[in-house]
Amino acid sequence: MWGGRKLGSSGDWFLRVVGPGGRNTKAARPLISSAVYVKNQLGSTLQIKPGVFNEYRTMWFKSYRTTFSCLNRIKSFRYPWARLYSTSQTTVDSGEVKTFLALAHKWWDEQGVYAPLHSMNDLRVPFIRDNLLKTIPNHQPGKPLFGMKILDVGCGGGLLTEPLGRLGASVIGIDPVDENIKTAQCHKSFDPVLDKRIEYRVCSLEEIVEETAETFDAVVASEVVEHVIDLETFLQCCCQVLKPGGSLFITTINKTQLSYALGIVFSEQIAGIVPKGTHTWEKFVSPETLESILESNGLSVQTVVGMLYNPFSGYWHWSENTSLHYAVHAVKSRVQEHPTSAEFVLKGETEELQANACTNPAVHEELKK
């Protein structure tokens with residue numbers, strides 16, 4: 001066993017190993033490297049200097065504090081390459097993905113479940129083209145949108161992406177459903193011109209918002225906002241990828257009793273115009289709510305116009321009534337120019353005069369002049 005006692009006047013402590021019967025045994029290997037063996041009349045002893053132990057103890061506590069300091073720094077450290085919106089903040093609804101995954105092979109069947117979207121191009125393509133032409137001073141015949149960079153969010157099989165590409169625009173179509181993008185890529189491969197102008201990606205909008213910030217002249221979200229789970233985040237991302245002065249185009253369904261009766265009960269459950277479960281009424285949004293969110297993100301709404309679909313003829317037409325479908329065109333405000341140094345000086349002088357006017361009647365009279 002281990003035993004110890006204080007010997008001499010120096011105050012040093014001695015440890016010795018005592019075997020069975022009280023006999024001295026060979027001392028064990030010391031735990032501290034600076035300990036020394038000392039010979040005396042009682043046998044071999046292990047001497048530990050208090051000063052050395054204190055140094056060791058001090059060193060141990062310093063190491064302890066350093067370790068926890070590093071851990072705290074690691075905990076609070078933010079990786080510079082982290083996205084603005086993590087995958088936990090995605091606007092993609094996994095339930096919606098499953099619905100569209102089952103229909104991915106039907107996108108280009110003009111008589112199938114996507115027939116209303118095919119005929120909607122008769123309205124939405126000119127709506128996008130004409131509003132963008134207002135911002136282009138000169139355009140090429142046959143390619144009026146040449147030089148424009150457009151992002152088609154929730155492009156599906158490319159029903160709207162391809163017409164925009166044929167107008168001369170450079171278009172990126174994104175969709176979270178892998179099978180949708182495969183269908184879109186396969187269809188555009190038959191046209192060599194479109195193959196050069198259109199790029200497809202399997203991703204959500206928030207996944208590319210940082211790398212494409214202020215990149216696009218126009219963002220199109222047609223029949224998309226009624227399928228996302230976080231509308232405000234989605235619209236904020238739309239604003240971030242737009243250039244100053246860029247245009248956002250949205251077509252969606254109003255949140256009214258009429259839209260529930262015709263858009264869900266009749267279209268899905270009775271007539272079968274669209275598959276059951278395609279829409280959720282709670283996700284529909286009114287023009288007023290949509291405009292409020294857009295304006296809070298620096299987008300000015302230019303146009304809100306109603307759209308009506310005739311299931312018997314299979315055609316769409318514009319309407320003043322927005323209680324069912326409607327289209328929106330909004331423009332991102334341009335970045336304000338920074339004031340010059342002269343403007344700063346003038347502003348400072350004006351503020352100083354206004355401050356002095358409170359205490360000096362003469363200055364107050366001067367400001368009135």
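Higher on the page you've got the structure.
The structure reproduced in this document is the subject of the present report. Since this is a predicted model, take the numbers as computed values, not measurements. (Residues numbered from 1 in each chain as written. Predicted model: local features only at pLDDT ≥ 70, side-chain atom pairs only at ≥ 80, totals over all residues. Heavy atoms only, no water.)

## Some words on the packing of aromatic side chains
A ring pair, where both rings are aromatic, is described by two values, the distance of the centres and the angle of the planes. Applying the stated criterion across every chain, the model contains 5 aromatic pairs. Between Phe127 and Phe249, the aromatic rings sit 5.9 Å apart at their centres with planes inclined by 80 degrees, giving edge-to-face as the arrangement. Placement of Phe127 in helix 3 (residues 115–133) and of Phe249 in strand 9 (residues 242–253) is noted, with a sequence separation of 122 residues between them. By relative accessible area, Phe127 is classed as buried at 11%. When the centroid spacing of 6.2 Å and the interplanar angle of 85 degrees are considered together, the rings of Tyr260 and Trp281 count as edge-to-face. Separated by 21 residues along the polypeptide, Tyr260 in helix 8 (residues 257–270) and Trp281 in the loop between helix 8 and helix 9 (287–296) bring together distant segments of the chain. (Phe/Tyr/Trp six-rings, centres within 6.5 Å; stacked < 30°, edge-to-face > 60°. Helix = DSSP H or I, 4+ residues; strand = E, 2+ residues; numbered from the N terminus. Buried < 20%, exposed > 50% of the residue type's maximum accessible area, 1.4 Å probe, protein only.)

## So, the side chain of Ser267
Looking at where Ser267 falls in the secondary structure, it is placed in helix 8. Residue classification places Ser267 among the buried positions, given a relative accessible area of 15%. Here the side chain of Ser267 touches Leu262 through a polar contact of 2.6 Å, landing on its backbone oxygen. Setting aside residues no more than four positions away along its own chain, Ser267 makes contact with Leu262, Gly272, Ile273 and Val274. (Polar contact = N/O pair within 3.5 Å; in protein donor to acceptor, adjacent residues only side chain to side chain. Contact = heavy atoms within 4.5 Å.)

## What to know about the environment of His329
Within the secondary structure, His329 sits in strand 12 (residues 325–332). When the C-alpha atoms of His329 and Leu299 are compared, they prove to be 9.6 Å apart, with 30 residues separating the residues in sequence. Sequence-distant contacts of His329, that is, excluding residues within four places in its chain, are made with Phe127, Asn131, Ser247, Leu248, Phe249, Ser300, Val301, Gln302 and Thr303. A polar contact of 3.3 Å, which involves the side chain of His329, links it to the side chain of Asn131.

## Things to note about the state of the cysteines
Applying the stated criterion to the full structure yields 0 disulfides. The thiol of Cys238 is not disulfide-bonded; the next cysteine sulfur, from Cys237, is found 7.2 Å away. You can call Cys238 buried: its relative accessible area is 0%. Just so you know, Cys239 is unpaired, no disulfide at all, and the nearest cysteine sulfur is the one on Cys238, 8.7 Å from it. (Disulfide = S-S within 2.5 Å.)

## Things to note about the pairing of strand 10 (residues 299–310)
In the sheet, strand 10 pairs with strand 12 via 8 bridges, with the strands oriented antiparallel. Residue pairing for strand 12: Gly306 is matched across the bridge by Tyr326. When strand 10 meets strand 11 (residues 315–319), the two strands line up antiparallel, connected through 5 bridges. Within strand 11, the residue paired with Gly306 across the bridge is Ser319. Taking the residues between adjacent antiparallel strands as the criterion, strand 10 and strand 11 are bridged by 4 residues, where Gly314 takes a positive phi near 80 degrees. (Pairing = 2+ DSSP bridges.)

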